[in-house]
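Examining the three-dimensional arrangement
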Amino acid sequence: MDNDSSAQIVDTVHNSYQKRTPLQITGGGSHPYSTPLDACTPLHLSEHSGVIEYYPAELTITLRAGTPLLHLKQLLAAERQMLAFEPPIFEENSTIGGAIAAASAGAARPWQGGVRDHLLGVKIITGEGKVLQFGGRVVKNVAGYDLFRPMAGAYGTLGVLLEVTLKVLPMNEAIETWQQPSSLVEANSLMSKIRDSSLPVNGLCWHAEQLSLRLSASETELTACRPLIKEIAPSLQLQVVDKFWEQVNDRKIALFNKTHRIIRLSLPAETAHLNISGVEDSAWLLDWGGAQRWIGTRDGIPSDKQLSSIVREAGGWYEIDGASEIPQTLLPLHKKLKSILDPANILNPKKLSPQL
Amino acid sequence: MNSEQQTLLLDALRTLLPTESLLTEPEALKPYECDGLTALREQPLAVSIPSNIKELKQIVTLCHTHQVPIVTRGAGTGLAGGARPSPDALLVTLTKLNRIIKIYPESRTMTLEPGVTNLAISKAVEHLGLYYAPDPSSQIACTIGGNVAENSGGVHCIKYGLTVNNVLQIKLMQSNGEIITLGGRSLDNPGYDLLALAIGSEGMLGMVIEITVRLLEQPQQKRLLLAAFESVELAGDAVSDIITAGILPSGLEMMDHKTIIAAESFAHAGYPTDAEAIILCELDSRSGADIDQLVKKSRSVLQQSGAIKIIVAEDEAQQIKMWAGRKGAFPAIGRISPDYYVMDGTIPRRHLGAVLKQIKLLSKKYALPVANVFHAGDGNLHPLILYDASHSGEMRKVEEFGTEILKLCIEVGGTITGEHGVGAEKLDAMCSQFSSDELHYFHQVKEAFDPALLLNPGKSIPTLHRCAELGAMHVHHGKLPHPELERF
């Protein structure tokens, strides 16, 4: 569990740079999009694990990138703390480095922030094998350009994550889940009412004809919320759910079955329902209060062309099976940033986008 | 710098801008010689004050054509000299670009121009029960454009985050006049998080010309507790106790004895002047239902931690009064000392006692008093060095003292700036915090965004030569920080 293999990893990257042999960086290898990259040598980070520094009173934790998320979650829970971005745990061996590289955040994302909002610093290996530190180990730090937050969602293409420092928060005191049967159309209007209300929401999704609302606050506050819930959505029922939110976060529901093509739409939450021909209501999963919408469909439906105009008009973007398009206006900066940190393009080449 | 090009630029600007938008006479330039860091002053080449984005674009394009650098300025409240002018550069002030472009109540966001003041944002959505969370103490004057450039914090960022956590999208004008959009109205965006990279880049990577901020719902209830302690160490431990008890206050501030005395005589906030340290702990509640419970829990933690006195503000008026002491702490110190120099390090809070002890020793060494104000929840320390600029050589002593404090922050695992930025002020300290490799990458990032190096030259990131030439280099764990560089 506690193992520092940084020297070995630095060596590997350095050698690969010398020989110009591309590397595929893997943590637990559990991410749904972690398919093998062409002609890449695997660089395993799961052995590089363990907590370096954790002081609950500082609200920060520094750990090696290969540390399993499950272990981390338990460790924080023992101090009644948590990662507020609620990273999905796809498999038992899913790592914190993987969660950061993929910027994976769970149902609480709109209300508790994403990976970028809780990342405080990183130690990385560049594509030339240099070890650099950006950010720090304290919650407030504005020295130097912010080259650490861009590591969230870069899929390892800007550097191999060695160590990360995260902000942690006190655990939510009490949590309740409320559910009701609802059509997709009805769900859109209910979600809008709930978002506009003063309810302490930290999860709001719709799938398979069911609307689910998660509230998080003190017991007192939750009790005080009851009249408001009845006013907004009288059909909502308090439910005891087992692992429901984990299943949504960890993509364990049928929609994510691998025989489907998975489309993820990231939209302003208030976007009205997008009517896309050929996509039935049952193919939709609305999460993040409407800001993240998934479609699981047969190949070819909807087409890229259908999607791009609809989604762009709504002020959002989409990815299909993890692949998205970087806007042309920003492509030159992306290429420059990539070439600064990985001049020989050996770190997960084309993993983020074929455009890079 | 080519003076012929400067003349050509000024001629072109005279044709472009109305007379009142271009200042070139020395007496008109005087007020722009410095920002909030008054110790560093330079006269700008000229000052231009565009009235709209179109004018700004023309100015920037002209500067690009003539290769004349630009220093961008908002309200000039920055405390690190990020907007300090340079005699070679045109100062561009964005305060006239102060339109609120659109409020989106349904998504709780607002799009605005960079010259809107921080407080004006919250005022504009007060009637909707919303507000903008980051609240630097200069919020009445400072602009959102400046906040984005500096990634500003404030007393409430322990719970609600910094600027970077509350901005969804910006439009950035690059040094060639082209405009790019970073971020978006969705919660994440394709590609790299260039939005985060641009926020806090101190005007080095582009000019922020439009900002979309996230708004929060105003909490129904707020309470303010004051706890007095017999030592700063005990107060520091109490802060940790609050947090480990699972309480996340919306503000958690600390002041030492010298600051308490000054603030009390300035603001009559009702502070116990016999205390060695006080904590201000603000609690908020979304619905208000659990506020009494939160107050009770916090009070009991503070008592257990050895508070000798606890005051809970009885009403909003008393809260405002108690906050006034803290918010007026800097001017209050200004009344007891001809000049003061604000430091801005962050430290892991567990080292607070040791760091304050060391600062006390340094205070003796330099024979300069220090007062300490502390965003305790975040570990962000503001030691104020008291001095008299009219005494010759004293400023130099102050700077040396300050540099030692910042090194101390780095040694205990902290940072040289928690929220004020590097600007023109902390370039030397940057050499201690970052390796030359890291600095080298920063310079490359600068070049990627601004290949001609026209934006705010000489700020934020020190040259490697500067670090090598520094006489007083920091030797960390016996290692010279930039061994590969020649020493001159």
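Residues numbered from 1 in each chain as written. Chains lettered and ligands numbered in written order. Predicted model: local features only at pLDDT ≥ 70, side-chain atom pairs only at ≥ 80, totals over all residues.

Re the overall build of chain A
In terms of regular secondary structure, chain A is built from ten helices and 17 strands. Against the 2.2 N^0.38 benchmark of 21 Å for 356 residues, chain A shows a C-alpha radius of gyration of 21 Å, consistent with a compact globule. Overall, chain A is about 65 × 50 × 35 Å in size when its C-alpha atoms are taken along their principal axes. Expressed as a percentage of the 356 residues in chain A, the buried residues total 52%. Taking all contacts inside chain A whose residues are at least 6 apart in sequence as the whole, residues at least 24 apart take part in 72%. (Helix = DSSP H or I, 4+ residues; strand = E, 2+ residues; numbered from the N terminus. Rg over C-alpha atoms; globule rule 2.2 N^0.38 Å. Buried ≥ 20, exposed ≤ 12 C-beta atoms within 10 Å, placed from the backbone. Contact = placed C-beta atoms within 7 Å.)

Some points on the environment of tryptophan 178 of chain A
All names here are of chain A. Tracing the chain through its elements places tryptophan 178 in strand E10 (residues 174-181). Take tryptophan 178: there are 22 C-beta atoms within 10 Å of it, and that puts it in the buried class. Linking tryptophan 178 and histidine 31, residues 147 residues apart in sequence, is a C-alpha distance of 29 Å.

So, the sheet that holds strand E8 (residues 167-173) of chain B
Residue and element names in this part refer to chain B. Pairing in this open sheet of five strands is antiparallel, and the strands run E5-E6-E10-E8-E9 from one edge to the other. Only two strands of the sheet have a single neighbouring strand rather than two, namely strand E5 (100-104) and strand E9 (179-183). Going from strand to strand, the sheet's axes swing by 15° on average, the running direction of each strand aside. Note: strand E6 (residues 109-112) against strand E10 (residues 207-214), four bridges, orientation antiparallel. In the sheet register, methionine 110 faces E10, and the bridge partner there is valine 213. (Pairing = 2+ DSSP bridges. Axes fitted to C-alpha atoms, helices over the stretch in contact; angles between N-to-C directions.)

Re the pairing of strand E14 (residues 261-266) of chain A
Residues and elements named next belong to chain A. Pairing between E14 and strand E16 (residues 292-297): six bridges, direction antiparallel. By the bridge assignment, arginine 264 is partnered in E16 with tryptophan 294. Pairing of E14 with strand E17 (residues 317-320), which is carried by four bridges, proceeds in the antiparallel orientation. Looking across to E17, one finds that arginine 264 is bridged to glutamate 319.

Remarks on the interface of chain B and chain A
Opposite the 66 residues of chain B that make contact, chain A presents 63 residues. Secondary-structure elements contributing two or more residues to the side of chain B that touches chain A are helix H7 (194-198), helix H8 (232-244), helix H15 (427-433) and helix H16 (436-449) of chain B. Ranked by the residues each element gives to the side of chain B that touches chain A, the list is headed by H16 of chain B, at eight residues. Partitioned by chemical class, the residues of the side of chain B that touches chain A number 24 nonpolar, 28 polar and 14 charged. (Nonpolar A, V, L, I, M, F, W, Y, C, P; charged D, E, K, R; others polar.)

Observations concerning unusual backbone geometry
If you check the backbone angles, asparagine 348 of chain A has positive phi at about 45° while not being a glycine. Take asparagine 348 of chain A: it is sitting in the segment after helix H10 (331-341). A count of 25 C-beta atoms within 10 Å places asparagine 348 of chain A in the buried class. For arginine 108 of chain B, which is not glycine, the phi torsion reads 50° and is therefore positive. Within the secondary structure, arginine 108 of chain B sits in the loop between E5 and E6.

Comments concerning the environment of phenylalanine 90 of chain A
All names here are of chain A. If you trace the backbone, phenylalanine 90 turns up in the loop between strand E5 (81-82) and helix H3 (96-101). Spatially, the C-alpha atoms of phenylalanine 90 and leucine 69 are 9.6 Å apart, while their sequence positions differ by 21 residues. If near-sequence neighbours (up to four positions away) are discounted, phenylalanine 90 is found in contact with Ser30, His31, Pro32 and Asp250.

Some thoughts on the domain arrangement of chain B
Residues and elements named next belong to chain B. Split by domain assignment, chain B resolves into domain 1 (3-93), domain 2 (108-217), domain 3 (221-265 + 280-328) and domain 4 (337-425). The centre of domain 1, based on its C-alpha atoms, is set 23 Å off from the matching centre of domain 2. Taken together, the contact between domain 1 and domain 2 spans twelve residues of the former and 18 residues of the latter. For the side of domain 1 that touches domain 2, the element with the most residues is helix H3 (residues 53-66), which contributes six residues. Classifying every residue of the side of domain 1 that touches domain 2 by side-chain character gives four nonpolar, seven polar and one charged. (Domains from an automatic or database assignment.)

Points about H3 of chain B
Residues three or four positions apart in an α-helix share a direction because the helix packs 3.6 residues into each turn. All names here are of chain B. The end-to-end C-alpha distance of H3 is 20 Å, a good match for the 20 Å that 14 residues give at a rise of 1.5 Å each. For H3, every residue scored as buried is listed here: Leu56, Ile59, Val60, Leu62 and Cys63. For H3, the arc enclosing every buried residue in end-on projection is 160°, short of the 170-degree limit, so these residues lie on one face. The elements touched by buried residues of H3 are helix H1 (3-16), strand E2 (46-48), strand E3 (70-73), strand E4 (90-93), E8 and E10. Within two residues after H3, glutamine 67 carries a phi angle of roughly 55°, on the positive side. (Expected span 1.5 Å × (residues − 1). Arc of directions from axis to C-beta.)

Section: the sheet that holds strand E1 (residues 22-23) of chain B
All names here are of chain B. With mixed pairing, four strands are arranged side by side in an open sheet as E1-E2-E4-E3. Every interior strand has two partners, whereas the edge strands, E1 and E3, have only one. The pairing of E1 with E2 spans two bridges and is classified as antiparallel. Residue pairing across strands places leucine 23 opposite valine 47, the latter belonging to E2.

A closer look at the nonpolar core
Among the nonpolar cores identified, the biggest contains 244 residues, and Ile100, Val160 and Leu161 of chain A together with Ala227, Ile278, Ile279 and Ile385 of chain B are the most heavily contacted of them. The element contributing the most residues to this core is helix H14 (residues 394-411) of chain B, with seven residues. (Core = buried A, V, L, I, M, F, W, Y, C linked by C-beta atoms within 7 Å.)

What about helix H1 (residues 6-19) of chain A?
All names here are of chain A. Under the 1.5 Å per step criterion, the end-to-end length of H1 is 20 Å for 14 residues, consistent within 8% with the ideal 20 Å. Buried within H1 are the following residues: Ile9, Val13, Ser16 and Tyr17. Down the axis, H1 shows its buried residues gathered within 105° of arc, on one side only. Projecting away from the buried face of H1 at angles above 90 degrees are the exposed residues Ala7, Gln8, Gln18 and Lys19. Next to the buried residues of H1 lie strand E1 (23-26), strand E2 (41-44), strand E6 (119-125) and strand E8 (160-167). Arginine 20 sits one or two positions beyond H1 and adopts a positive phi of about 55°.

Topic: the environment of proline 69 of chain B
Residue and element names in this part refer to chain B. Take proline 69: it is sitting in the loop between H3 and E3. Take proline 69: there are 20 C-beta atoms within 10 Å of it, and that puts it in the buried class. Separated by 19 residues in sequence, proline 69 and aspartate 88 place their C-alpha atoms 6.9 Å apart. The contact partners of proline 69, leaving out residues within four places of it in the chain, are Ser86, Asp88, Ala89, Leu454 and Pro457.

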